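Tertiary structure, described
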Amino acid sequence: MDLEAVRTFVAVAEAGQFQKAAADLSITQQAVSKRIAGLERDLGVRLFTRTPRGAELTIDGQAFLPHARELLRVAERAVASVHTSRRPLRVDVINSRGAASGLMRGFHRAHPEIDLDVVMLFDVETAVTAIRSGAIDASFRAVAMPGRPFPEDIESVRVLDEPLQLLTGPAHALAGARSVTVAQLAGHRIWMPGIVPGTEWAAYYDDLVAEFGLTIEATGPNFGSDALLDTVADTPALATFMSEQTRLVWPAGHGLRRIPVTDPTPVYPHSLLWHRDNPHPALATLRAHLAATTAGHDAAGTWVPDWVIPR
């Protein structure tokens, strides 16, 4: 169906005259008549009846009018969806309680005029595919693709090094410590059921284990952070790692401890990924905001895997 003919039909219906509709559309009256005639042929019905006062909708024309208006609205939304200056900036933050979500909340406070769509994708390959297809504009990830080639059309910049902390219950052997060294963690069971093989965070913790001889267990189903906190609080032999900026609701009476890890401090490296040809104007604003508000990287006394290379 010819959308210009539909647009002309709506213009005639609203103006009540072919001549007035032609002036409103900046075309000739002959062009208006031709478009309406073509639309009537496509639909197989008469849409207007000529009268001394102009043009009146037939019963079929009255039935078609609300649908014609909806067609035009849908067309406008379709065009707007691919015009980057008119659509929200779409950003993947992995989860709603982590540091990346906090960075986006800070960006929104600093730039409330920018429309945002915040999504949560599972792994880096899914995120990269979404970036390349245009489904999202950017993603916060630990690294591009550990052990696999980095796509040439995807750019990245390291934006935040987030220290890990040890989370224990009140009866854990290290619960009273003001800080613990990485060496002190050797021999202690660190339980992290959310680690999924093949993900970027699994690669990070695999290297942490290999570097410092830690025992990280990913056994059992992952029932989420609430169940994790319950288990750690009730099990003196278990602890877990928690990123410094992870936001959680602490259950009353659990007596949980968040203990800084030092000598060195393992930091989780958050990077922003985007397509090098993405024209969305707000993407540049986001990158500038992150560059101005996040700290430096590779600070003395911190550790990240060898494959985390600033680009």
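The coordinates are above.
Note that the structure is a prediction, hence the values are computed from the model and not measured.

On to the overall build of the protein chain. Looking only at helices and strands, the protein chain has nine helices and 13 strands in total. Along the three orthogonal principal directions, the C-alpha set of the protein chain runs to about 95 × 40 × 35 Å. Burial analysis of the protein chain (311 residues in total) assigns 43% to the buried set. The contacts of the protein chain with a sequence gap of at least 6 include a subset with a gap of at least 24, amounting to 73%.

Counting 22 residues, the largest nonpolar core has Leu166, Leu185, Tyr205 and Phe241 as its most contacted members. The greatest single-element share of this core, amounting to five residues, is contributed by helix α7 (residues 200-212). Among residues more than four places away in sequence, those in contact with phenylalanine 241 are Leu164, Gln165, Leu166, Leu185, Ile190, Met192, Tyr205, Leu208, Leu214, Ile216 and Val261.

Considering all chains together, one arrives at nine aromatic pairs under this definition. A centroid spacing of 4.9 Å and a plane angle of 70 degrees characterise the contact between tyrosine 204 and tyrosine 268, whose relative ring orientation is edge-to-face. Taken together, the residues span a long stretch of sequence, with tyrosine 204 in helix α7 and tyrosine 268 in strand β12 (residues 265-275) at a distance of 64 residues. Between tyrosine 204 and tryptophan 303, the ring centres sit 5.8 Å apart and the planes meet at 55 degrees, which makes this aromatic pair tilted. Within this pair, whereas tyrosine 204 is found in helix α7, its partner tryptophan 303 is found in strand β13 (residues 302-303), the two being separated by 99 residues in sequence. Here the two residues tyrosine 204 and tryptophan 303 agree in accessibility, since each one is buried. Put simply, the rings of Tyr204, Tyr205, Phe212, Phe241, Tyr268 and Trp303 touch in pairs and so form one group of aromatic residues. Directly above the aromatic system of phenylalanine 18 lies the positively charged group of arginine 50, at a separation of 3.9 Å from the ring centroid.

In this section: the packing of helix α2 (residues 18-25) against helix α3 (residues 29-43). One can describe the packing of α2 onto α3 by two numbers: an axis separation of 8 Å at closest approach and a directional angle of 105 degrees. With respect to α3, the axis of α2 lies roughly perpendicular. Judged by residue contacts, Phe18, Gln19, Ala21 and Ala22 of α2 engage Gln29, Val32, Ser33 and Ile36 from α3. Here the residues of the contact of α2 with α3 sort into five nonpolar, three polar and no charged.

Here serine 243 shows up in strand β10 (residues 238-243). Leave out the neighbours within four places in its chain, and serine 243 touches Glu162, Pro163, Leu164 and Arg258.

Quick look at helix α8 (residues 225-234) now. Among all positions in α8, only Leu228, Leu229, Val232 and Ala233 are buried. Within α8, the buried residues cover an arc of 125 degrees as seen down the axis, which keeps them to one side. Where α8 is buried, its residues contact β6 (154-168), β8 (189-191) and β10.

Right, let's get into a nonpolar patch on the surface. A surface patch of nonpolar side chains, amounting to about 270 Å² of accessible area, comprises Met1, Leu3 and Leu71. With respect to the helices and strands, leucine 3 occurs in helix α1 (residues 3-15).

Let us look at α7. An α-helix turns once per 3.6 residues; consequently, residues spaced three or four apart project the same way. Over its 13 residues, α7 extends 19 Å from the first C-alpha to the last, a length consistent with the 18 Å expected when each residue adds 1.5 Å. Listed as buried for α7 are Glu200, Trp201, Ala202, Ala203, Tyr204, Tyr205 and Leu208. Just downstream of α7 lies glycine 213, where phi reads positive at about 65 degrees.

Turning to the pairing of β6, a few remarks are in order. When you tally the buried positions in β6, you get 12 out of 15 residues, the bulk of the element. Pairing of β6 with β12 involves nine bridges; the strand directions are antiparallel. Considered in β12, the bridge of proline 163 is made with valine 267.

Once that is clear, we can look at unusual backbone geometry. At the junction of aspartate 263 and proline 264, the peptide bond is cis and its omega measures out at -5 degrees in the coordinates. Summarising the element assignment, proline 264 is placed in the loop between β11 (257-262) and β12. Of note, the phi angle at serine 26 is positive, near 60 degrees, even though the residue is not glycine. Here serine 26 is to be found in the loop between α2 and α3. Residues other than glycine seldom take positive phi values, yet isoleucine 94 does so here, at roughly 70 degrees. Structurally, isoleucine 94 can be placed in the loop between β3 (89-92) and α5 (99-110).

Throughout the structure, instances matching the rule amount to 15 salt bridges. When the shortest N-O distance is used, the salt bridge between glutamate 40 and arginine 46 registers 4.0 Å. In this structure, a network of salt bridges that share partners links the residues Glu4, Arg7 and Arg35.

Calculation notes
- Residues numbered from 1 in each chain as written.
- Predicted model: local features only at pLDDT ≥ 70, side-chain atom pairs only at ≥ 80, totals over all residues.
- Heavy atoms only, no water.
- Helix = DSSP H or I, 4+ residues; strand = E, 2+ residues; numbered from the N terminus.
- Buried < 20%, exposed > 50% of the residue type's maximum accessible area, 1.4 Å probe, protein only.
- Contact = heavy atoms within 4.5 Å.
- Core = buried A, V, L, I, M, F, W, Y, C linked by side-chain atoms within 4.5 Å.
- Phe/Tyr/Trp six-rings, centres within 6.5 Å; stacked < 30°, edge-to-face > 60°.
- Lys NZ or Arg CZ within 6 Å of the ring centre and 35° of its normal.
- Axes fitted to C-alpha atoms, helices over the stretch in contact; angles between N-to-C directions.
- Parallel < 35°, antiparallel > 145°, perpendicular 65-115°, else oblique.
- Nonpolar A, V, L, I, M, F, W, Y, C, P; charged D, E, K, R; others polar.
- Arc of directions from axis to C-beta.
- Patch = residues over 30% accessible without salt bridge, like charges linked within 9 Å, V, L, I, M, F, W, Y side chains within 5 Å.
- Areas by Shrake-Rupley, 256 points an atom, 1.4 Å probe, with all protein chains shown as cover.
- Salt bridge = Lys/Arg side-chain N within 4 Å of Asp/Glu carboxyl O.
- Expected span 1.5 Å × (residues − 1).
- Pairing = 2+ DSSP bridges.

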